[in-house]
Amino acid sequence: MFGWRRKPVNRRRGRERLLGVRMRAEAARAARVRLLSRWCGLVCALGLVVYGGWWGSVWLRDRLLYENPHFRIRRVEVESDGVLSEGTLRRWAGVRPGMNLLAVDLAQVKRSLELVPYVARASVERVLPDTLRIQVWERRPIAVLQVPVPLPAGGLDFVEYGVDEAGVVLPVLDPRLTDGGTVAWLHGLPILRGVGYQELQPGRRLESARARAALAWLRAFARSPMAGLADVREVSVADGDVLEVVTAEGSRITFAPDGFERQLLRWREIYEVGLRQERWIETLDLAVGNNVPVQWRPMETNTGTSRPGDRSGGARKHV
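Residues numbered from 1 in each chain as written. Predicted model: local features only at pLDDT ≥ 70, side-chain atom pairs only at ≥ 80, totals over all residues. Heavy atoms only, no water.

**Considering the overall build of the protein**
A tally of regular secondary structure across the protein gives 5 helices and 12 strands. When burial is assessed residue by residue, the protein has 34% of its 319 residues classed as buried. When contacts within the protein are restricted to residue pairs at least 6 apart in sequence, those whose partners lie at least 24 apart make up 58%. Carbon together with sulfur atoms contributes 55% to the accessible area of the protein, which is approximately 19,800 Å² in total. (Helix = DSSP H or I, 4+ residues; strand = E, 2+ residues; numbered from the N terminus. Buried < 20%, exposed > 50% of the residue type's maximum accessible area, 1.4 Å probe, protein only. Contact = heavy atoms within 4.5 Å. Areas by Shrake-Rupley, 256 points an atom, 1.4 Å probe, with all protein chains shown as cover.)

**Description of the pairing of strand 9 (residues 243-247)**
By the criterion of burial, strand 9 is predominantly enclosed, with 4 of the 5 residues buried. Taken together, the 4 bridges between strand 8 (residues 232-236) and strand 9 define a ladder with antiparallel strand orientation. Bridging across to strand 9, Ser236 finds its partner in Glu244. Where strand 8 folds back onto strand 9 in an antiparallel hairpin, the turn is made up of 6 residues. With 4 bridges joining them, strand 9 and strand 10 (residues 252-255) adopt antiparallel strand pairing. Opposite Val245, over in strand 10, you have Ile253 as the bridge partner. The antiparallel pairing of strand 9 with strand 10 creates a hairpin that spans 4 residues between the two strands, and Gly250 there sits at a positive phi of about 90°. (Pairing = 2+ DSSP bridges.)

**Regarding the pairing of strand 2 (residues 119-127)**
Regular strands place side chains that alternate from one sheet face to the opposite one. Across 8 bridges, strand 2 lies against strand 3 (residues 131-138) in antiparallel orientation. Each residue of the ladder has a partner; that of Arg121, found in strand 3, is Trp137. Between strand 2 and strand 3, which follow one another and run antiparallel, lie 3 residues.

**Notes on the state of the cysteines**
Following the criterion strictly, the structure yields 0 disulfides and no others. Cys40 forms no disulfide, and the closest cysteine sulfur to it belongs to Cys44, at a distance of 6.4 Å. Using a relative accessible area of 40% as the deciding quantity, one classes Cys40 as partly exposed. (Disulfide = S-S within 2.5 Å.)

**Quick look at the packing of aromatic side chains**
Counting across every chain of the model gives 4 aromatic pairs. Relative to Phe221, the ring of Trp217 has its centre 5.1 Å away and its plane inclined at 10°; by these criteria the two rings are stacked. Taken together, the positions of Trp217 and Phe221, both in helix 4 (residues 209-222) and 4 residues apart, correspond to about one turn of that helix. Both residues of the pair, Trp217 and Phe221, count as buried. One aromatic cluster is present, formed by Trp217, Phe221, Phe255 and Trp267 through successive ring pairs. (Phe/Tyr/Trp six-rings, centres within 6.5 Å; stacked < 30°, edge-to-face > 60°.)

**Some details on the pattern of salt bridges**
Under the defined criterion, the tally for this structure stands at 14 salt bridges. Note that Asp164 is salt-bridged to Arg139, the shortest N-O span being 3.0 Å. Residue Asp164 is found in strand 5 (residues 156-164), and its partner Arg139 is found in the loop between strand 3 and strand 4 (141-150); the two are separated by 25 residues along the sequence. In this structure Asp164 comes out as buried when scored by relative accessible area, which is 5%. Among the residues examined, Arg139 registers a relative accessible area of 18% and is labelled buried. The shortest N-O distance in the salt bridge between Arg223 and Glu261 comes to 3.8 Å. Here Glu261 lies in helix 5 (residues 260-276) and Arg223 lies in the loop between helix 4 and strand 8, a separation of 38 residues in the sequence. Look at the salt bridges and you will find they share partners, linking Arg74, Arg75 and Asp130 into a network. (Salt bridge = Lys/Arg side-chain N within 4 Å of Asp/Glu carboxyl O.)

**Quick look at the confidence of the model for the protein**
Residues at a pLDDT of 70 or more form 82% of the protein, whose mean pLDDT is 82. Taken together, the stretch residues 303-319 has pLDDT below 50 and engages in 54 contacts with residues farther than four places along the chain or on a different chain. (pLDDT = per-residue confidence, 0-100.)

**What about unusual backbone geometry?**
Cis geometry is found at the peptide bond from Leu128 to Pro129, where omega equals 10°. Note on placement: Pro129 falls in the loop between strand 2 and strand 3. Not every positive phi belongs to a glycine, and Glu278 is a case in point at roughly 55°. Along the polypeptide, Glu278 turns up in the loop between helix 5 and strand 11 (279-285). Since its relative accessible area comes to 56%, Glu278 is described here as exposed.

**Here's the deal with the nonpolar core**
By size, the foremost hydrophobic cluster in this structure holds 38 residues, and its most contacted members are Trp217, Val235, Leu243, Phe255 and Trp267. Elements with a contribution of two residues or more to this core: strand 4, strand 5, helix 4, strand 8, strand 9, strand 10, helix 5 and strand 11. By residue number, the principal contributor to this core is helix 4, which donates 8 residues. Apart from the residues within four sequence positions on either side, Phe255 is in contact with Trp217, Val242, Leu243, Val245, Phe260, Gln263, Leu264, Trp267, Leu286 and Ala287. The next biggest cluster of nonpolar side chains, apart from the first, holds 27 residues, and it includes Val78, Val124, Leu170 and Leu173. (Core = buried A, V, L, I, M, F, W, Y, C linked by side-chain atoms within 4.5 Å.)

Now the structure itself:
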């Protein structure tokens, strides 16, 4: 346009520079691939070493511990404070001689025992090399619950349940579960009346306020001065405002639902007055704060109380 020609460009020189950059990029990429390959190989080797070491430790543990004949159970020592037999407790624990002592799950054995309604608490421990020691604290009934059951031919029968001091309902104990056969496990215990039958579930705790008040009275009575003097036959909570207690002499004592210690001391004082005058208490209302009403009868008149199932007589247990 202006009369001169443009200087030609050396295209070969530009191609050389582009080729050099490309070669350097490929070399860097190859170096990165080699580094990544080395790291992958190192990680795989390390994983194989760890995996092999873990399997080796498992094999060594099994050989030295869980398959070692020196740790086989040869003795299962069972101790109980109640009437359940050692064979029964071993069966409930689920352990037997020949099992590996270190493989036994102590927590599971403890749970298995404490799921039984008759067991309050259990302790399980290993005594190396070959002994498992089990200690059991049993629930002891302090009262009886009688549930009426209609008979096919007419009339009623009574199914009995025990209740321990914590309010746990206990089914009747099968004599085959004991050492010598306990026939009268609930014999002589007071009958607890007025508790709703819908509450009675073996192994479960009574939660109603009436049931708790009756159990609190039984615990207070066991610690009171009257424990060795009166034979309690019934504790009724049918009237939610008061408790009524019936003794073997036919005395009917009414208690307020709290302050049992003070009322039991008052009962002892009045009882001793009756002994000096040779009279039994007919009725006594300790729910009244002042001027306690009491009725007497001569000692030679012993009416007693009739109880379903002929439960009269005999000493009380655990009360």
